[in-house]
Amino acid sequence: RSSSFKRAIANGQRALPRDVLLDETGLGIYKRFVRYVAYEILPCEMDRRWYFYQHRSCPPPVFMAAVTLTQIIVFLCYGARLNKWVLQTYHPEYMKSPLVYHPGHRARAWRFLTYMFMHVGLEQLGFNALLQLMIGVPLEMVHGILRISFLYLAGVLAGSLTVSITDMRAPLVGGSGGVYALCSAHLANVVMNWAGMRCPYKLLRMVLALVCMSSEVGRAVWLRFSPPLPASGPQPSFMAHLAGAIVGISMGLTILRSYEESLQDQCGWWVLLLSYGTFLLFAVFWNIFAYDLLGAQIPPPP
């Protein structure tokens, strides 16, 4: 990342075309979309102008688009194969997938990440895909693929590890850990910079987002403890939602507030990174030793 737009102005390297970016006229469709993204994501007018004038369409925001497309393809493949488009976890063949996280397969470490490609049904996939595209793509356009992919995958990994600690018998599917990390980080950033945000109807939109996210968590809790159909084992846990939200509010808020500055120059970033690393280390040892020491009754893996 470059140093700072403020430093560039001070050094006379760049002139400000206008005081307010919204005064720009005669823009094409894409540049208007870039301006819309700037006002949606960034709280400072100087940051918005800096992003608008230095933005390039290459590389495009490919990470969130690729993740969403992969999730849709995987869901369609399993749906067509099982002829089941809702409550897929009730199908025994679905739970045999090598992508699903199951406590009986903890040694297969890739499952702690690949579960994000599997979904319970159309409603969960639709909710996650919509939020990933509406929030994740603009965030990736502004903050770059490295920061947003790290935040998303950190939420996904924290979700599965939290389930392995707090809900030791439950499997896990869905990308809600990463989705909630992005959403909670963005909402927290809006709240922390409320006066500077210029996105329209921000209060109404925040209320709607919180209602939708709360409803999704409530639905996940209902499926976990009051399954609508007889099942051969525990249904997927909801703890990934909460873990992703915590990652977003803590680590994600620092990432989104540091648009111009390098993260490695901030003490708070290293504290959060150390805390996350400590959690990962604790979770690894928990998965290696705690299940045997506590005598956890793990359902037989499919």
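Predicted model only: the values in this text are computed from it and were never measured. Going along each chain's sequence as written, the residues are numbered from 1 onward. Where local features are concerned, this predicted model is filtered to residues with pLDDT of at least 70; where side-chain atom pairs are given and counted, the filter is 80 or more; whole-chain, interface and lining totals use all residues. Each side-chain value is derived from all of the structure's non-hydrogen atoms; neither hydrogens nor water enter the calculation.

Chemist: Sorry, what's going on with helix H7 (residues 122-143) here?
Modeler: Since the α-helix advances by 3.6 residues per turn, residues separated by three or four positions end up pointing in the same direction. When the terminal C-alpha atoms of H7 are compared, their 30 Å separation across 22 residues agrees well with the 32 Å that a helix rising 1.5 Å per residue should span. In this scheme, the bend at a residue equals the angle between the axes fitted to the seven residues that finish there and the seven that begin there. Under the DSSP-based scheme used, a helix requires at least four consecutive residues in state H or I and a strand at least two consecutive residues in state E, with every element numbered from the N terminus. The largest bend along H7 reaches roughly 35° and is located at glycine 136, with the proline proline 138 sitting one to four residues downstream. Burial analysis of H7 places 16 of its 22 residues in the buried class, the great majority of the element. Among the residues trailing H7, glycine 144 stands out with phi positive, at a value near 95°. What a helix is expected to span follows from its residue count: subtract one and scale by 1.5 Å. Think of it in three bands: with a 1.4 Å probe and only protein chains considered, a residue is buried below 20% of the maximum accessible area for its type, exposed above 50%, and partly exposed in between.

Chemist: Explain the packing of H7 against helix H9 (residues 176-192) here, please?
Modeler: The relative placement of two packed helices is expressed as an angle between their axes plus a distance between the axes. Helix axes use the C-alpha atoms of the stretch in contact, all axes being lines fitted to C-alpha atoms, and the angles between their N-to-C directions lie in the range 0 to 180 degrees. The interhelical angle for the contact between H7 and H9, taken along N-to-C directions, is 45°, at an axis separation of 10 Å. With respect to each other, H7 and H9 are oriented oblique. Viewed along their axes, H7 and H9 form a crossing whose handedness is left-handed. Between H7 and H9, the residues in contact are Gln124, Phe127, Asn128, Leu131, Gln132, Ile135, Gly136 and Leu139 and Ser176, Val179, Tyr180, Leu182, Cys183 and His186, respectively. In the scheme used here, Gly and all other residues not listed as nonpolar or charged are polar, with Ala, Val, Leu, Ile, Met, Phe, Trp, Tyr, Cys and Pro taken as nonpolar and Asp, Glu, Lys and Arg as charged. A breakdown of the residues in the contact of H7 with H9 according to their chemical character gives eight nonpolar, six polar and no charged. Note on terminology: angles under 35 degrees are roughly parallel, angles over 145 are roughly antiparallel, angles of 65 to 115 are roughly perpendicular, and the others are oblique. A clockwise turn of the near helix away from the far one marks a right-handed crossing, whereas an anticlockwise turn of less than a right angle marks a left-handed crossing. Note on definitions: a residue-residue contact is assigned when non-hydrogen atoms from the two residues lie within 4.5 Å.

Chemist: Which parts of the structure should I look at to understand the environment of threonine 166?
Modeler: Relative to the helices and strands, threonine 166 is located in helix H8 (residues 145-166). Using a relative accessible area of 48% as the deciding quantity, one classes threonine 166 as partly exposed. For the pair threonine 166 and leucine 229, spaced 63 residues apart in sequence, the C-alpha separation works out to 24 Å. Identification of polar contacts relies on pairs of N or O atoms within 3.5 Å, with a donor-acceptor requirement for protein atoms, meaning one able to donate a hydrogen and the other able to accept it, and with residues adjacent in sequence counted only if both atoms are side-chain atoms. A distance of 2.8 Å separates the side chain of threonine 166 from the backbone oxygen of threonine 162, its partner in a polar contact.

Chemist: Help me understand the UniProt feature "transmembrane region" (unreviewed entry) in the chain, please; the structure alone is not making it clear to me.
Modeler: As annotated by UniProt and renumbered to match this structure, "transmembrane region" (unreviewed entry) occupies residues 62-81, 112-133, 145-165, 177-196, 203-225, 237-256 and 268-289. With 100% helix and 0% strand, the stretch residues 203-225 has end C-alpha atoms that lie 33 Å from each other. Taken end to end, residues 237-256 has its terminal C-alpha atoms 28 Å apart, with 90% of it in helix and 0% in strand. UniProt positions are given in the numbering used here, feature names are shortened, and annotations may be inferred rather than shown by experiment.

Chemist: What exactly am I supposed to notice about the domain arrangement of the chain here?
Modeler: The extent of an interface is frequently quoted as the accessible surface area lost upon association of the parts. Domain delimitation in this document rests on an assignment produced automatically or drawn from a domain database. When the domains of the chain are assigned, the result is domain 1 (1-57) and domain 2 (62-294). The centre of domain 1, based on its C-alpha atoms, is set 31 Å off from the matching centre of domain 2. Between domain 1 and domain 2, the contact holds 21 residues from the first and 19 residues from the second. When two parts are put together, the accessible area they lose, computed with a 1.4 Å probe and summed over both, is reported as buried area. Together, the buried faces of domain 1 and domain 2 total about 1700 Å²; carbon and sulfur atoms form 55% of this surface. Whenever Lys or Arg places a side-chain nitrogen within 4 Å of a carboxyl oxygen from Asp or Glu, that contact is recorded as a salt bridge. Counting across the interface, domain 1 meets domain 2 through one salt bridge. A salt bridge links arginine 205 to glutamate 40, with the nearest nitrogen and oxygen atoms 2.4 Å apart. Sorting the residues of the side of domain 1 that touches domain 2 by element identifies helix H2 (29-41) and helix H3 (45-54) as the ones contributing at least two each. Among the elements that take part in the side of domain 1 that touches domain 2, H2 stands out by supplying eight residues, more than any other. Taken together, the residues that form the side of domain 1 that touches domain 2 break down as twelve nonpolar, five polar and four charged.

Chemist: Looking at this structure, I do not really get the UniProt feature "active site" (unreviewed entry) in the chain. What am I missing?
Modeler: In this numbering, the UniProt entry assigns the feature "active site" (unreviewed entry) to Ser176 and His241. These annotated residues cover 66 residues of sequence, and their C-alpha atoms lie no more than 5.5 Å from one another, placing them together at a single site. Inspection of the secondary structure puts serine 176 in helix H9. Among the residues examined, serine 176 registers a relative accessible area of 2% and is labelled buried. Each residue touching serine 176, except ones within four places of it in the same chain, is listed here: Gln124, Asn128, Glu216 and His241. Assignment of secondary structure puts histidine 241 in helix H11 (residues 239-256).

Chemist: Teacher, can you tell me more about unusual backbone geometry here?
Modeler: Glycine aside, residues mostly have negative phi angles, and peptide bonds mostly take the trans form. Following cysteine 58, the chain continues into proline 59 via a peptide bond in cis, with omega recorded as 5°. With respect to the helices, strands and loops of the structure, proline 59 is situated in the loop between H3 and helix H4 (62-82). A positive phi angle, near 55°, is found at asparagine 83, a position not held by glycine. For asparagine 83, the position within the fold is in the loop between H4 and helix H5 (92-95).

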